[in-house]
Amino acid sequence: MIYCFDIGGSYISLGTASTDVAVTGALTRVGRVPTPARDRAAFVQALAGLIAQAHANGPPGPQDAPVALALAGDIDPATGLASCANIPCLTGTPLVADLTAALGRPVVVGNDAACFVLAEATVGAARGQDTVFGIILGTGVGGGLVVDGRLVPGAGEWGHGPVVKQVAGDPSVTLARLPCGCGQAGCVDTIGGARGLERLHHALHGVRLDSQALTAAWHAGDRDATRTMDIYVDLVADPLAVVVNAVGAGLVPVGGGLSSDAALVSALDQAVRTRILRRTRGPLLVPTALGGAAGMLGAAILGVRWLERNR
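Below you will find a few notes about this structure. (Residues numbered from 1 in each chain as written. Predicted model: local features only at pLDDT ≥ 70, side-chain atom pairs only at ≥ 80, totals over all residues. Heavy atoms only, no water.)

**Thoughts on the overall build of the protein**
Part 1 of the argument: If you tally the helices and strands in the protein, you get ten helices and twelve strands.
Part 2 of the argument: A globule of 311 residues ought to have a C-alpha radius of gyration of about 19 Å, and the protein, at 20 Å, matches this closely.
Part 3 of the argument: A principal-axis box enclosing the C-alpha atoms of the protein has dimensions of 60 × 40 × 40 Å.
Part 4 of the argument: For the protein, the residues scored as buried account for 48% of the 311 residues in total.
Part 5 of the argument: Total accessible area on the protein is roughly 13,700 Å²; 53% of this is exposed by carbon and sulfur atoms.
Part 6 of the argument: Here the protein contributes 22 positively and 24 negatively charged side chains, and the mean placements of these two sets differ by 2 Å. (Helix = DSSP H or I, 4+ residues; strand = E, 2+ residues; numbered from the N terminus. Rg over C-alpha atoms; globule rule 2.2 N^0.38 Å. Buried < 20%, exposed > 50% of the residue type's maximum accessible area, 1.4 Å probe, protein only. Areas by Shrake-Rupley, 256 points an atom, 1.4 Å probe, with all protein chains shown as cover. Lys, Arg positive; Asp, Glu negative; His and termini not counted. Charge placed at Lys NZ, Arg CZ, Asp CG, Glu CD.)

Following this line, the structure appears as structure tokens:
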């Protein structure tokens, strides 16, 4: 058994999976609780409480059954310290060591975007592809890279680096290089996610709309919304095409809230395919096949691979 958590800034969700999850893609959902983002002790208790809930619904897994986390953050491989902007109580802590001691089980942690890509490459939309670069277009921008079925550590953060300067194809429109949470300015993350799309529309038209209202206006043919979406697609497609050229991805699964808009994924797909060297007959960017389960499934697969290495 694998205890697989999907941990975000708002909610913690737990599922359980058997050791054949990388073949079946099957998991059992246990429950969900709000994330105690600023209380470390409460955070640990939330995990323990969900594991206890899993045991109440069935027999506990063996003592070496790992706890695998898809985390909206990262673990520094050199120091073991966590960095998690949305869950500040974890930042600067030796998270794996702390949770292993507190839960009494081995703990494995992966970045949530990387877990998403691993799941899509193993049992999802990109199953069978040798090289998969997956992206998250959610509140912000994330990504991960899988080659021959294995995550490439540290790869996939295409949302960061100062790339946004002016609107592609229209040098008369120059955008302010918005500050990014990573400490730089002009990153794809500042305009590529849902909040970035909203900032872009406000910068261009002086009007504040949430991303759902904006894409709805785009579908309805609104002129300003169409202008914003055209510029958004240009700005996001440029750096994404560079990444696809660099890694040779055969398929790019797209997750996050914006991936639910099929027209947006299609527009990005067409824009990226005109910018890359390799020509493809079918789509390159495809919506997630696993939806909200992808992060949890990716964590479960990490847990299985931990068992394979340590048994």
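**Overview of the pattern of salt bridges**
Part 1 of the argument: This model, assessed by the stated rule, comprises five salt bridges.
Part 2 of the argument: Two residues, D98 and R40, come together in a salt bridge whose shortest N-O distance is 1.9 Å. One end of the pair, D98, is in helix α3 (residues 95-103); the other, R40, is in helix α2 (residues 40-56), with 58 residues separating them in the sequence.
Part 3 of the argument: Overall, the relative accessible area of 26% leaves D98 in the partly exposed class.
Part 4 of the argument: Residue R40 is classed as partly exposed on the basis of its relative accessible area, which comes to 38%.
Part 5 of the argument: Between D238 and R275 there is a salt bridge, with its nearest N and O atoms 2.6 Å apart. Taken together, the residues D238 in helix α8 (residues 223-247) and R275 in the loop between α9 (262-273) and β12 (285-287) connect sequence positions 37 residues apart.
Part 6 of the argument: For D238, a relative accessible area of 34% gives the class partly exposed. (Salt bridge = Lys/Arg side-chain N within 4 Å of Asp/Glu carboxyl O.)

**A short note on the pairing of strand β11 (residues 252-255)**
Part 1 of the argument: Judged by which residues are buried, β11 turns out to be covered on both faces: V252 and V254 on one side and P253 and G255 on the other are all buried.
Part 2 of the argument: In the sheet, strand β8 (residues 131-137) pairs with β11 via two bridges, with the strands oriented parallel. If you follow I136 over to β11, its bridge partner there is G255.
Part 3 of the argument: Pairing of β11 with β12 involves three bridges; the strand directions are parallel. (Pairing = 2+ DSSP bridges.)

**A few points about the sheet that holds strand β4 (residues 67-71)**
Part 1 of the argument: The strand order β3-β2-β1-β4-β7 describes an open sheet built from five strands, whose pairing is mixed. Among the strands making up the open sheet, the edge pair consists of β3 (28-34) and β7 (107-111). Neighbour to neighbour, the strand axes of the sheet diverge by 20 degrees on average, direction disregarded.
Part 2 of the argument: Of the pairings in the sheet, the one linking strand β1 (residues 2-7) to strand β2 (residues 11-17) comprises six bridges and is antiparallel in character. The residue bridging Y3 from the neighbouring strand is T16, located in β2.
Part 3 of the argument: The sheet contacts of α3 involve β4 and β7, and relative to β7 the element is tilted by about 140 degrees. (Axes fitted to C-alpha atoms, helices over the stretch in contact; angles between N-to-C directions. Contact = heavy atoms within 4.5 Å.)

**Quick notes on the packing of helix α6 (residues 194-205) against helix α7 (residues 211-219)**
Part 1 of the argument: With their axes 9 Å apart at the nearest point, α6 and α7 run at an angle of 65 degrees to one another. Considering how the two elements wind past one another, α6 and α7 form a crossing that is left-handed. Facing A194, R195, L197, E198 and H201 of α6, the residues of α7 in contact are S211, L214 and T215.
Part 2 of the argument: Along the lines of polarity and charge, the residues of the contact of α6 with α7 split into three nonpolar, three polar and two charged. (Left-handed = near helix turned anticlockwise from the far one by under 90°. Nonpolar A, V, L, I, M, F, W, Y, C, P; charged D, E, K, R; others polar.)

**Re α6**
Part 1 of the argument: With twelve residues, α6 should cover 16 Å at 1.5 Å per step; its first-to-last C-alpha distance of 17 Å lies within 8% of that length.
Part 2 of the argument: Buried within α6 are the following residues: A194, G196, L197, E198, L200 and H201.
Part 3 of the argument: Once α6 ends, the next one or two residues include G206, with phi positive near 70 degrees. (Expected span 1.5 Å × (residues − 1).)

**Brief notes about the state of the cysteines**
Covalently bonding the sulfur atom of one cysteine to the sulfur atom of another cysteine gives a disulfide.
Part 1 of the argument: Overall, the coordinates contain zero disulfides when judged by the stated rule.
Part 2 of the argument: Here C4 stays free of any disulfide, with the sulfur of C115 as its closest cysteine sulfur at 9.9 Å. (Disulfide = S-S within 2.5 Å.)

**Side note on the nonpolar core**
Part 1 of the argument: Membership of the largest hydrophobic core comes to 38 residues, with the highest contact counts inside it found for L137, W158, Y232, V272 and L285.
Part 2 of the argument: At the level of secondary structure, the elements contributing two or more residues to this core comprise β8, β9 (141-147), α6, α7, α8, β11 and α9.
Part 3 of the argument: Ranked by residue count, the leading element in this core is α8, at twelve residues.
Part 4 of the argument: Counting residues in hydrophobic clusters, the runner-up holds 30 residues, among them A68, V146, V286 and I301. (Core = buried A, V, L, I, M, F, W, Y, C linked by side-chain atoms within 4.5 Å.)

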